[in-house]
Amino acid sequence: MAYERRFPTCPLIPMFVDSDTVNEFRSEDGAIHVVERRCKLDIDAPRLLKKIAGVDYVYFIQKNSLNSRERTLHIEARNETFSNRVIINEHCCYSVHPENEDWTCFEQSASLDIKSFFGFESTVEKIAMKQYTSNIKKGKEIIEYYLRQLEEEGITFVPRWTPPSLAPSSEMSSSCKKPAVPLAVVVPDPALKEGLSSEPLSTPSGAPEPAVGTPDDKLDADYIKRYLGDLTPLQESCLIRLRQWLQETHKGKIPKDEHILRFLRARDFNIDKARETMCQSLTWRKQHQVDYILDTWQPPQVLQDYYAGGWHHHDKDGRPLYVLRLGQMDTKGLVRALGEEALLRYVLSINEEGLRRCEENTKVFGRPISSWTCLVDLEGLNMRHLWRPGVKALLRTIEVVEANYPETLGRLLILRAPRVFPVLWTLVSPFIDDNTRRKFLIYAGNDYQGPGGLLDYIDKEIIPDFLSGECMCEVPEGGLVPKSLYRTAEELENEDLKLWTETIYQSASVFKGAPHEILIQIVDASSVITWDFDVCKGDIVFNIYHSKRSPQPPKKDSLGAHSITSPGGNNVQLIDRIWQLGRDYSMVESPLICKEGESVQGSHVTRWPGFYILQWKFHSMPACAATSLPRMDDMLASLQVSSHKCKVMYYTEVIGSEDFRGSMTSLESSHSGFSQLSAATTSSSQSHSSSMISR
């Protein structure tokens, strides 16, 4: 109804001079309404160009097709003027959001083909792009203008179309009519650029379908308020779209909504940026088995005795409170005794415990708590804390935490900052995100005891005793690490390598013309080869081959010098260049194209003994190929892999057929749980007698 008010002319679009209806159709049941108009436009073009072209106005044919049965509005426009020289086609569509009937989806696309225009082809192209961009930016303003106009006239809802045979009688409609569509459509500009925006359109007409692996009341306002906090319609739409993309690429093994929201908030709800950083983080968690760190890793005794930090109740907002007595901690001694990697792993375990405590506090306090408060006491901080290797370890820790635990720090209270603190702050602050820095509150001396100090954020009853409070704090006091516990650089290096290679996954580089291949020998037929891999960079093609004879011992490709730096990063080629497909080896699975960021699991039931080769090959995507990923157009996508280098992280296992427990939608036979941040992991209970690849 609001859209139709743009005709016959619209004061908010100055170049839209007038329009005439040239054709109109309405179906007998009233569900279909098609209007075709001839629109007169005054294009903002140089006078010289108009004079050469011999026109003052240009005309477009616009066709609006409203389907009330399917609740869609399609708008098609094409140019009538100069159609033999320039071809312009535009298509817009309003439709109902597939997951929430209360939202509208808006999609818009256009094409421009300039065959010839009196030698001014480049100028015409610039004018067209300028006008089109301007129209996109005006879309939100125009629809809101007419919605407000309708509301001022007292029109706040539109009854939904019903088939004539089901339409209620006039007697019943007066007493049984339900309130229909509240016109509160908002189409934000950033959403238009994404090509899809979600906004409220109608009151609930039925419960939305629950998403896979999420609570039944997924889109219910109570669920959002209880577990997620206040979200605008656009923010909620971003959450659903990113979650849907993760479901498609990771087969249901996705983090909980709270964790997805952290990445969206950290990137100001830019879906492309949030998707990229989140995929990198999930791959990192998987490779280093961070999900199991609380259950499988025991901190060394040195850390338990001398690391002056620990959890201590909660703040006034219900956030878990972590206390760190940095000034009392011997950072140099800890680094010399344990190494940088052990310290980093301990900090990761602290963050994992923080996530767990946030979930617990959400249940206890009955409101969403997704971050914690950190209290840092700098009493005792001096120049020994500026020891270069110690600062280096601190900076690396900040970098890892910023990348993988965004928006988990609700507030940082820095107390009793000494004179040396500005030096440390100068070194550290550039590595801290701007959003995180805004959460810092710094108090010098005893300022924290005055107005605006600690009591504003923490209840008096739980202020630690070392800060003149009444609560006994069980955080270790720190102190100097005995030099007898120091270890040599060689011992620390070996220990560091051991810590970060404790993973069942291997990494490999894939180059254009240089695939990565691994060899699996099968003795018993009907064995099951399983795989689990992540595409960390670029797009690849995954193949499986069988050969009766073993290829030559693997040789690392000369390009291997450029392989990735993580442990095990390499490029190995097994299939000899003189081998012919169909003679020396055969393909046993159809090629599988895997996009950047995807997590792929699958299995193959072997039919013959012999040698099986798993191959990851570089995939060059055609410029016109369609993609389901919510990223930039194909041209930009191709630029992202212009280096002709891909990265994969993989794990394989051979299982006897009697031990095989179904398809590898989830690798039940191994330790490859994707993430304990996951709400649910889907798996198939059926056994397959033939090979399959699942995503």
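Note that the structure is predicted; figures quoted are calculated from it, not measured.

S.K.: Describe the pattern of salt bridges, and please don't skip the residues or the numbers.
M.R.: Here the structure, examined in full by the defined rule, presents 25 salt bridges. For D291, the salt bridge identified is with R285, shortest N-O distance 2.8 Å. The same class applies to D291 as to R285, namely buried. Among the charged side chains, a network of salt bridges with common partners joins D315, D317, R319 and R411.

S.K.: So what's going on with the sheet that holds strand β9 (residues 309-314)? Residues and values would help.
M.R.: The mixed open sheet is built from five strands, whose spatial order is β9-β10-β11-β12-β13. Strand pairing shows two members of the sheet lacking a second neighbour, β9 and β13 (440-444), which therefore form its edges. Across the sheet, the mean angle separating the axes of adjacent strands is 20 degrees when strand polarity is ignored. In the sheet, strand β10 (residues 320-324) pairs with strand β11 (residues 372-377) via four bridges, with the strands oriented parallel. Residue pairing across strands places L321 opposite T373, the latter belonging to β11. Against the sheet, helix α12 (residues 340-365) engages β9, β10 and β11, with an angle of about 5 degrees to β9.

S.K.: Please provide a residue-by-residue account of helix α7 (residues 257-266), values included.
M.R.: For α7, the tally of buried residues reaches eight of 10 residues, placing the bulk of the element in the interior. Along α7, the positions that sit buried rather than exposed are D257, H259, I260, L261, R262, F263, L264 and A266. Count one or two residues on from α7 and you reach D268, which has phi positive near 50 degrees.

S.K.: Please provide a residue-by-residue account of α12, values included.
M.R.: Taking 1.5 Å of rise per residue, 26 residues should cover 38 Å, and α12 covers 37 Å from first to last C-alpha, within 8% of that figure. The buried fraction of α12 amounts to 19 of the 26 residues, a majority that puts the element mostly inside the structure. Trailing α12 by a residue or two, G366 shows a phi angle of about 70 degrees, which is positive.

S.K.: Please provide a residue-by-residue account of unusual backbone geometry, values included.
M.R.: With glycine set apart, most residues show a phi of negative sign, and most peptide bonds adopt trans. With omega at 5 degrees, the peptide bond leading from F7 into P8 counts as cis. Looking at the element boundaries, P8 is found in the segment before β1 (16-26). Despite not being glycine, Q289 has its phi angle at roughly 50 degrees, a positive value. Locating Q289 in the fold gives a position in the loop between α8 (271-287) and α9 (293-296).

S.K.: Summarise the state of the cysteines; cite the residues concerned and give the values.
M.R.: Throughout this description, disulfide means a covalent bond between two cysteine sulfur atoms. Within the structure shown, the criterion is met by zero disulfides. In this model C279 remains outside any disulfide bridge; the closest cysteine sulfur is found in C536, 9.9 Å from its own. With no disulfide of its own, C473 lies closest to C471 among cysteine sulfurs, the gap being 7.1 Å.

S.K.: So, the packing of helix α5 (residues 221-228) against α7: which residues are in play, and what are the values?
M.R.: The contact between α5 and α7 brings their axes to 11 Å, and the two run at 75 degrees. Taken together, the axis directions place α5 and α7 in an arrangement best described as roughly perpendicular. Side by side, α5 and α7 meet where Y223, Y227 and L228 of the first sit next to D257, E258, L261 and R265 of the second. The class makeup of the residues in the contact of α5 with α7 is four nonpolar, no polar and three charged.

S.K.: Account for the UniProt feature "domain: CRAL/TRIO N-terminal" (unreviewed entry) in the chain, naming residues and giving values.
M.R.: Here, the residues flagged by UniProt with the feature "domain: CRAL/TRIO N-terminal" (unreviewed entry) are residues 256-281. In the segment residues 256-281, helix accounts for 81% and strand for 0%; the C-alpha atoms at its two ends are 14 Å apart.

S.K.: Quick rundown of the packing of helix α6 (residues 233-250) against α8? Include the residues and the values.
M.R.: Contact geometry for α6 and α8: axes closest at 11 Å, N-to-C directions at 45 degrees. With respect to each other, α6 and α8 are oriented oblique. Crossing of α6 over α8 shows right-handed handedness. For the pair α6 and α8, the contacting residues are C238, R241, L242, W245, L246 and H250 in the first and I271, A274, R275, M278, C279 and L282 in the second.

S.K.: Quick one: what's the story with the nonpolar core, residue by residue and with numbers?
M.R.: Core analysis: the largest hydrophobic core is formed by 51 residues, its most contacted members being L303, Y307, L334 and L378. Of all the secondary-structure elements, those providing two or more residues to this core are α10 (301-306), β10, α11 (331-338), α12, β11, α13 (388-404), β12 (409-417) and α14 (421-428). For this core, the leading source of residues is α12, giving nine residues.

Rules used in this analysis
Residues numbered from 1 in each chain as written. Predicted model: local features only at pLDDT ≥ 70, side-chain atom pairs only at ≥ 80, totals over all residues. Heavy atoms only, no water. Salt bridge = Lys/Arg side-chain N within 4 Å of Asp/Glu carboxyl O. Buried < 20%, exposed > 50% of the residue type's maximum accessible area, 1.4 Å probe, protein only. Pairing = 2+ DSSP bridges. Helix = DSSP H or I, 4+ residues; strand = E, 2+ residues; numbered from the N terminus. Axes fitted to C-alpha atoms, helices over the stretch in contact; angles between N-to-C directions. Contact = heavy atoms within 4.5 Å. Expected span 1.5 Å × (residues − 1). Disulfide = S-S within 2.5 Å. Parallel < 35°, antiparallel > 145°, perpendicular 65-115°, else oblique. Nonpolar A, V, L, I, M, F, W, Y, C, P; charged D, E, K, R; others polar. UniProt positions renumbered as here; feature names shortened; annotations may be inferred. Left-handed = near helix turned anticlockwise from the far one by under 90°. Core = buried A, V, L, I, M, F, W, Y, C linked by side-chain atoms within 4.5 Å.

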